[in-house]
Amino acid sequence: MAWNFAAGPARLPDAVRERAAEELFRRGPDGACSVERPFTGTIFRATLAHARLRLAELLDLPADYHIVFMAGGAMHQFGLLPMNLACPGQRVAYADSGYWSRRAMTEAGDLVAAVEVARYPGESALAAPAAGGWPVPADCAYCHITPNETVDGIAYPELPDAGPVPLVADCTSSFLTAPLALEKFGMVYASAQKNIGISGLTAAIIRQDLLERSPPELPAVFSYRRQAAAGSCVNTPPMLAIQMAGMVFDWIAGQGGLATMAVANQEKAACLYAAIDGSGSFYRAPVAVAHRSPVNVRFHLAAPELTDRFIAEAEAEGLYHLRGHAHIGGLRASLYNAMPLAGVAALVGFMADFSRRHG
Ligand SMILES: Cc1ncc(COP(=O)(O)O)c(C=O)c1O
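All figures in this text were calculated on a predicted structure; none of them were measured in a lab. (Residues numbered from 1 in each chain as written. Predicted model: local features only at pLDDT ≥ 70, side-chain atom pairs only at ≥ 80, totals over all residues. Heavy atoms only, no water.)

### Topic: the packing of aromatic side chains
In plain terms, the rule: The criterion for an aromatic pair is that two Phe, Tyr or Trp rings (for Trp, the six-membered ring) have centres within 6.5 Å, with stacked assigned to planes under 30 degrees apart, edge-to-face to planes over 60 apart and tilted to the rest. Only protein chains enter the calculation, and the probe is 1.4 Å; a residue is then buried if its accessible area is under 20% of its type maximum, exposed if over 50%, and partly exposed in between.
Per the counting criterion, the structure on display carries 12 aromatic pairs. With 5.0 Å between their ring centres and 85° between their planes, Tyr99 and Trp100 make a pair best called edge-to-face. Exposure remark for Tyr99: the relative accessible area of 13% places this residue in the buried category. Relative accessible area serves as the criterion here: at 23%, Trp100 is assigned to the partly exposed category. Taking the centre distance of 6.3 Å and the plane angle of 80° together, the rings of Phe299 and Phe310 count as edge-to-face.

So this is what it looks like as structure tokens:
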């Protein structure tokens, strides 16, 4: 048995992978399979409507929020956010909690004036910025956060207070891993290849008042307002990724929904962090305990020269994609919804064995 701990594109639930293998390329009575049909036809429109409805149910979507499925990744949104949500000359606010929030701020800063309102303490204290007292200028179009930093393994323990400025969140690595208090946000977005399905798709959940901000001169494919008005079909959408998303949403619903996902994810994370903390400092998890990500567990060996050996021996035991992001090194195990406890148990067992042999 091999286990894939990749941070994304990540493991799909087994049942979804099997369903997809069965359904995606099977031709129907119209002589076409999913990837051969017009996106304007009734069959794809039903698939799209199903995905949207299922997601709305999972999120308990408030009436004034819209689900927009857009082509591309979360990084596309880094540019689309200021283009859609900021008026000419208006500033935008960003909190720096690690690698991805910094990249989001940099991309926005190339288009409009971006104000940094909170800062990641840095390698000396691995934690999200403190949640209170953010100096968010009231004239900012939005305040952007990254609730779960995939690379750094940092998660906000509580939502920050941006005052009257709407919070916009890049939930790419935490989306659907726990219930989400959508009413606290103006917008959340997540690319699909971690917890929604396969790459090429981003789900954006946008409150009506923010949706109305998209300027009329913005090209239709980039405009939140026009994409929402067109039911995410201004042009050919990523049809396969949307169909897969619907299957993942069905699977999550069948498991019991987001509360069930949260319990399972906490259990997996607790198991792995306990193994790290109980290793007599052979393994170390550098992030402050209250700020540890439940889904991207970052750790390293006290003897970093053993890292390559750890990875090689782990692979020999069927445990893959454990190397930390190239930006920070070390090790990282991503435990999204589709990773069962059995995968974590296999990793923990290997880690104990490795530390006995090399400790
Ligand atoms: C939090 C976060 N934001 C943005 C991205 C970039 O996503 P994409 O590759 O879909 O553009 C990632 C990718 O890992 C991520 O984890």
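After presenting the structure, the write-up continues.
### Some details on the environment of Ala333
The line we're drawing: What counts as a helix is a DSSP run of H or I of at least four residues, what counts as a strand is a run of E of at least two, and both are numbered from the N terminus. Note on definitions: a residue-residue contact is assigned when non-hydrogen atoms from the two residues lie within 4.5 Å.
Residue placement: Ala333 occurs in strand 14 (residues 331-334). Counting along the chain gives 95 residues from Ala333 to Pro238, while the straight-line C-alpha distance between them is 29 Å. Once you skip the residues sitting within four places of it in the chain, Ala333 turns out to touch Phe5, Leu272, Val295, Asn296, Val297, Phe299, Leu322 and Leu347.

### Some points on the packing of helix 8 (residues 258-277) against helix 10 (residues 341-358)
What counts, and what does not: Where helices are involved, their axes are fitted lines through C-alpha atoms of the stretch in contact, as for all axes, and angles between N-to-C directions lie from 0 to 180°. Here roughly perpendicular refers to angles of 65 to 115 degrees, roughly parallel to angles under 35, roughly antiparallel to angles over 145, and oblique to all remaining angles. Throughout, the ten residues Ala, Val, Leu, Ile, Met, Phe, Trp, Tyr, Cys and Pro are labelled nonpolar, Asp, Glu, Lys and Arg are labelled charged, and all others, Gly among them, are labelled polar.
With their axes 9 Å apart at the nearest point, helix 8 and helix 10 run at an angle of 5° to one another. Judged by the angle between their axes, helix 8 and helix 10 are roughly parallel. Taking contact as the criterion, the partners of Glu267, Lys268, Cys271, Leu272, Ala275 and Ile276 in helix 8 are, on helix 10, Leu341, Val344, Leu347, Val348 and Met351. A breakdown of the residues in the contact of helix 8 with helix 10 according to their chemical character gives 9 nonpolar, no polar and 2 charged.

### Topic: the pattern of salt bridges
For clarity, the threshold we go by: Every case where a carboxyl oxygen of Asp or Glu lies within 4 Å of a side-chain nitrogen of Lys or Arg is listed as a salt bridge.
Within this structure, the stated rule accounts for 19 salt bridges. Measuring nitrogen to oxygen at the nearest pair gives 3.2 Å for the salt bridge that ties Asp14 to Arg11. Judged by relative accessible area, Asp14 falls into the partly exposed class, the value being 34%. For Asp30, the salt bridge goes to Arg37, with nearest N and O atoms at 2.7 Å. Its relative accessible area of 42% is what places Asp30 among the partly exposed residues. Assessed through its relative accessible area of 16%, Arg37 is described here as buried. Overlapping salt bridges, with partners in common, bring together Arg19, Glu23, Arg54, Glu57 and Asp250 in one network.

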